[in-house]
Amino acid sequence: MKFDIENEICLGVSHSGAVKTEGIGILELDDNEVSLLIDIIKEKKNCDVDELEIEESHPDLYEKRRQAYYDMAYKAEELHWL
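The model shown is predicted, which means the values in this text are computed figures rather than measured ones.

Parameters and conventions
Residues numbered from 1 in each chain as written. Predicted model: local features only at pLDDT ≥ 70, side-chain atom pairs only at ≥ 80, totals over all residues. Heavy atoms only, no water. Salt bridge = Lys/Arg side-chain N within 4 Å of Asp/Glu carboxyl O. Helix = DSSP H or I, 4+ residues; strand = E, 2+ residues; numbered from the N terminus. Buried < 20%, exposed > 50% of the residue type's maximum accessible area, 1.4 Å probe, protein only. Patch = residues over 30% accessible without salt bridge, like charges linked within 9 Å, V, L, I, M, F, W, Y side chains within 5 Å. Areas by Shrake-Rupley, 256 points an atom, 1.4 Å probe, with all protein chains shown as cover. Lys, Arg positive; Asp, Glu negative; His and termini not counted. Charge placed at Lys NZ, Arg CZ, Asp CG, Glu CD. Contact = heavy atoms within 4.5 Å.

**Some remarks on the pattern of salt bridges**
Stage number 1. Enumeration over the complete set of coordinates arrives at four salt bridges.
Stage number 2. Its salt-bridge partner being Lys20, residue Glu8 comes within 3.7 Å of it at the nearest N-O pair. In this pair, Glu8 sits in strand β1 (residues 2–14) while Lys20 sits in strand β2 (residues 17–28), placing the two residues twelve residues apart along the sequence.
Stage number 3. The class for Lys20 is partly exposed, based on a relative accessible area of 47%.

**A short note on a negative patch on the surface**
Stage number 1. A surface patch of like charges, here negative, comprises Asp48, Asp50, Glu51, Glu55 and Glu56.
Stage number 2. Elements represented by at least two residues in the negative patch include exactly α2 (49–52) and α3 (54–57).
Stage number 3. Tracing the sequence through the fold places Glu55 in helix α3.

**Some points on the side chain of Glu33**
Stage number 1. Mapped onto the elements of the fold, Glu33 is located in helix α1 (residues 31–44).
Stage number 2. In contact with Glu33, other than residues within four places in its own chain, are Glu28, Leu61 and Lys64.

The analysis is restricted to geometry; functional conclusions fall outside its scope.
The following block contains the structure:
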């Protein structure tokens, strides 16, 4: 299953202030990962990534999320400066 992700990305600061751009990417999870994430959200009654504690409990799932956001930020920065 593919999830669209969007985020405002700060590329740094120039003489006129913060340089920001919008990032758009895709997080792709298989059915088992989606089910696992739903179960964790139901158990914790929260969807905040830090409070779900998936970095410690499910590092592979967290790494997929981290990589998707990294790729989104990298692509947004590249497109901004080119």
